[in-house]
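# Secondary and tertiary structure notes
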Amino acid sequence: MKPRMIDIHSHILPFIDDGADDWDCALTMLAKAEAEGIRTIVATPHILSEHNFKNEGSKILQIYDELRTRAKQAGLKIEIIIGSEIYAQPDTSLAHQIATINSNQKYFLIEFPLNSIPRFVPDLLFKFAVDGIVPIIAHPERNAGFLNRYDFVYEYVQRGNLMQINEGSLRGRFGNKPKELAFKMIEHKLAHFVASDGHKKDTRTVTLAESYALVTEKSNKKTAQLLFYENPRRAILGEPIDIGEILPMESELKKSVWQKLKTFSKNQ
Ligand SMILES: [Fe+2]
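All values derive from a computational prediction rather than experimental measurement. (Residues numbered from 1 in each chain as written. Predicted model: local features only at pLDDT ≥ 70, side-chain atom pairs only at ≥ 80, totals over all residues. Heavy atoms only, no water.)

## Some points on the nonpolar core
- Ranked by size, the top nonpolar core spans 65 residues in total, and within it Ile12, Leu13, Leu30, Phe112, Phe146, Met185 and Phe228 carry the most contacts.
- Per-element accounting of this core gives the leading share, six residues, to helix α1 (residues 23-36).
- Listed in part, the 17 residues of the second largest apolar core include Ala138, Phe193, Ala235 and Ile236. (Core = buried A, V, L, I, M, F, W, Y, C linked by side-chain atoms within 4.5 Å. Buried < 20%, exposed > 50% of the residue type's maximum accessible area, 1.4 Å probe, protein only. Helix = DSSP H or I, 4+ residues; strand = E, 2+ residues; numbered from the N terminus.)

Laid out in structure tokens, this is it:
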């Protein structure tokens, strides 16, 4: 039996960003997702992106409605929900019509530049957290800031943020380092979602089945269901997500400094 899965991060809407090229591409992506057992998918077009995808909410909603109609006409049963992927900026607000997942004003997906965690980010995210709005950080395992400081992942989760891993990272698509961090996050209970971040119909598409199997194999089925179904379901419904007991991760950088200090004091 196919596992139940929900994808909370995808670029299936055509003509909006660097995602689906056209209607045919979008419908092929949806058909593939449905065939794998993905029951619900959240369309998360880039908004306020570094690439300047400044689309009005009304245009995005129009395309979203048309895709749902076309999917229905094509006989697809997969449920399509609207959300967005917000590129972090000092003045990021959730005023955009489609800013939060399923417009629930509870969860939103936020991305950082891949080469760092900008300095304004901790304060920005904390402001949302105190208002009870939960940031979901997109693909932290691909971000140089987190890759250099594993302990930051723990700190960000402690401060009320949730973490979404890309399925491709678990398959090694982005190299060994993101793969290692992704699995370590799961092991330390610091990952809350696995999503496709699918952009096209062939490479980097909407797929979760292979990574679901990997998580089942390396952890267990319960963890896979939590990351691929239960937490995504709660995020869409705006229900609380219990992060449970989290385990700290040590920074590789810190460790080496500490080891250096120990060696230094021994030699005195
Ligand atoms: Fe994305």
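Resuming the write-up.
## Observations regarding the pattern of salt bridges
- Under the counting rule described, the total for this entry stands at twelve salt bridges.
- Its salt-bridge partner being arginine 68, residue aspartate 65 comes within 3.4 Å of it at the nearest N-O pair. Of the two residues, aspartate 65 and arginine 68 both sit in helix α2 (residues 57-73), three residues apart, roughly one turn of that helix.
- Taking the relative accessible area as the measure of exposure, aspartate 65 reaches 39% and is therefore partly exposed.
- Among the residues examined, arginine 68 registers a relative accessible area of 38% and is labelled partly exposed. (Salt bridge = Lys/Arg side-chain N within 4 Å of Asp/Glu carboxyl O.)

## Observations concerning the sheet that holds strand β4 (residues 79-82)
- If you trace the three strands from one edge of the open sheet to the other, you get β1-β2-β4, paired in parallel fashion. Edge positions in the sheet fall to β1 (5-10) and β4, since each has one partner strand and no second. Across the sheet, the mean angle from the axis of one strand to that of its neighbour is 20 degrees, orientation sign disregarded.
- When β1 meets strand β2 (residues 38-43), the two strands line up parallel, connected through four bridges. Bridge pairing in β2 places aspartate 7 opposite isoleucine 41. (Pairing = 2+ DSSP bridges. Axes fitted to C-alpha atoms, helices over the stretch in contact; angles between N-to-C directions.)

## Brief notes about the coordination of the iron ion
- Summarising the metal site, the iron ion is bound by the protein donors His9 (NE2), His11 (NE2), Glu85 (OE) and Asp197 (OD), whose distances to it range over 2.1 to 2.2 Å.
- Classification of the site at the iron ion as irregular follows from its four donor atoms and the range of 80 to 170 degrees in their angles at the metal.
- Each donor residue of the iron ion belongs to the same chain, with the gaps between them written as H-x1-H-x73-E-x111-D. Of the two residues, glutamate 85 sits in strand β5 (residues 85-87) while aspartate 197 sits in the loop between β9 (193-195) and α8 (209-218), which places them 112 residues apart along the sequence. (Donors = N, O, S within 2.8 Å, 3.2 Å for Na, K, Ca; no water. Tetrahedral: all angles 85-135°; square planar, octahedral: opposite > 155°, others 65-115°.)

## Observations regarding the pairing of β2
- Where burial is concerned, most of β2 is hidden: five out of the six residues are buried.
- The parallel pair β1 and β2, bridged by α1, forms a crossover whose chirality is right-handed. (Right-handed = clockwise from strand over helix to strand, strands pointing away.)

## Brief notes about the side chain of aspartate 197
- When its relative accessible area of 2% is taken as the criterion, aspartate 197 is described as buried.
- Ignoring anything within four residues of it in the chain, the contact list for aspartate 197 reads His9, Ser10, His11, Glu85, His139, Asn166 and Arg204. (Contact = heavy atoms within 4.5 Å.)

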